[in-house]
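Breakdown of the fold
Here is how the chains run, residue by residue.
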Amino acid sequence: MRSKDISCDELQNPEPQKGETEETDGEPPKKKNSRIVKTAILVGILVIVGGLLLGYMIKHREPTYQQIGTRYIDDPDWGNVSEISYVVKGEVTAERLNEHLREVRETVDREELGTNVVKTVYYRNKEDTLAWKDTDMGGYTFLNVE
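Below is a short write-up of the structure. Bear in mind that the values here come from a model prediction, so they are computed numbers and not experimental data. (Residues numbered from 1 in each chain as written. Predicted model: local features only at pLDDT ≥ 70, side-chain atom pairs only at ≥ 80, totals over all residues. Heavy atoms only, no water.)

Let us look at the overall build of the protein chain. Summing up its helical and strand segments, the protein chain has five helices and four strands in all. Secondary structure elements of the protein chain, listed N to C terminal, follow the sequence α-α-β-β-α-α-β-α-β. The buried share of the protein chain, reckoned over its 146 residues, is 21%. Total accessible area on the protein chain stands at roughly 11700 Å², and carbon and sulfur atoms take up 53% of it. (Helix = DSSP H or I, 4+ residues; strand = E, 2+ residues; numbered from the N terminus. Buried < 20%, exposed > 50% of the residue type's maximum accessible area, 1.4 Å probe, protein only. Areas by Shrake-Rupley, 256 points an atom, 1.4 Å probe, with all protein chains shown as cover.)

Only one face of strand 4 (residues 138–142) is covered, namely the one carrying Gly139 and Thr141; the face carrying Gly138, Tyr140 and Phe142 has none of its residues buried. As judged from the five bridges shared by strand 3 (residues 117–123) and strand 4, these two strands associate in the antiparallel manner. Pairing of Thr120 across the sheet is with Gly139, part of strand 4. (Pairing = 2+ DSSP bridges.)

Counting residues in each nonpolar core, the largest one holds eleven residues, listed as Tyr65, Ile84, Tyr86, Val88, Val92, Leu101, Val104, Leu113, Val118, Tyr122 and Leu143. Elements supplying a minimum of two residues to this core: strand 2 (79–88), helix 3 (94–107) and strand 3. Ranked by the residues each element gives to this core, the list is headed by strand 2, at three residues. Sequence-distant contacts of Val104, defined by excluding residues within four places in its chain, comprise Tyr86, Val118, Thr120 and Leu143. (Core = buried A, V, L, I, M, F, W, Y, C linked by side-chain atoms within 4.5 Å. Contact = heavy atoms within 4.5 Å.)

This brings us to the pairing of strand 1 (residues 65–75). As defined by bridge partners, strand 1 adjoins strand 2 across ten bridges and the pair is classed as antiparallel. Residue pairing across strands places Gln67 opposite Tyr86, the latter belonging to strand 2. In textbook terms, the turn of a hairpin is the stretch between consecutive antiparallel strands, and for strand 1 and strand 2 this stretch comprises three residues.

The next point concerns helix 3. An α-helix turns once per 3.6 residues; consequently, residues spaced three or four apart project the same way. Along its 14 residues, helix 3 runs 20 Å from first to last C-alpha, staying within 8% of the 20 Å computed at 1.5 Å per residue. All of the buried residues along helix 3 are His100, Leu101 and Val104. For helix 3, the arc enclosing every buried residue in end-on projection is 105 degrees, short of the 170-degree limit, so these residues lie on one face. Away from the buried face of helix 3 by more than 90 degrees, exposed residues Glu95 and Glu106 are located. Structurally, helix 3 contributes buried residues whose contacts are with strand 1, strand 2, strand 3 and strand 4. (Expected span 1.5 Å × (residues − 1). Arc of directions from axis to C-beta.)

Evaluation of the coordinates by the stated rule reveals two salt bridges. Between Glu83 and Arg71 there is a salt bridge, with the nearest N and O atoms lying 2.9 Å from each other. Of this pair, Glu83 sits in strand 2 while Arg71 sits in strand 1, and the two are twelve residues apart along the sequence. Note on Glu83: relative accessible area 4%, which makes it buried. According to the relative accessible area criterion, Arg71 is partly exposed, its value standing at 32%. (Salt bridge = Lys/Arg side-chain N within 4 Å of Asp/Glu carboxyl O.)

Here it is, written out as structure tokens:
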């Protein structure tokens, strides 16, 4: 095999040879563009996966209600009442409150409480909840619904 003959002029010329440019360091421009496209696709996939993960975390975040305390009160209208205080996290809609009252009705045992009336009281922060401050957010749940 015969190697390519290089003239003295070509050796003295510091300019890049055919197929090479200073920007690509010996790689053809097509190969560099291919790498950019692959990187962009990979970044796009990572952004989509990150968005899906964030959406999942938002949907399955911590519960809307956090129970802080339970006490018994003598209500003049209802007699012996078990009162449960909750801290409300996030926005509360009528639909969410009704759903939560259904959960309370299903999980609270009236024989264990000694009463069939539960008053659920909702607060915006833990300090008010622990102090059992008066609030508009509350309602009675009757456990003897059969």
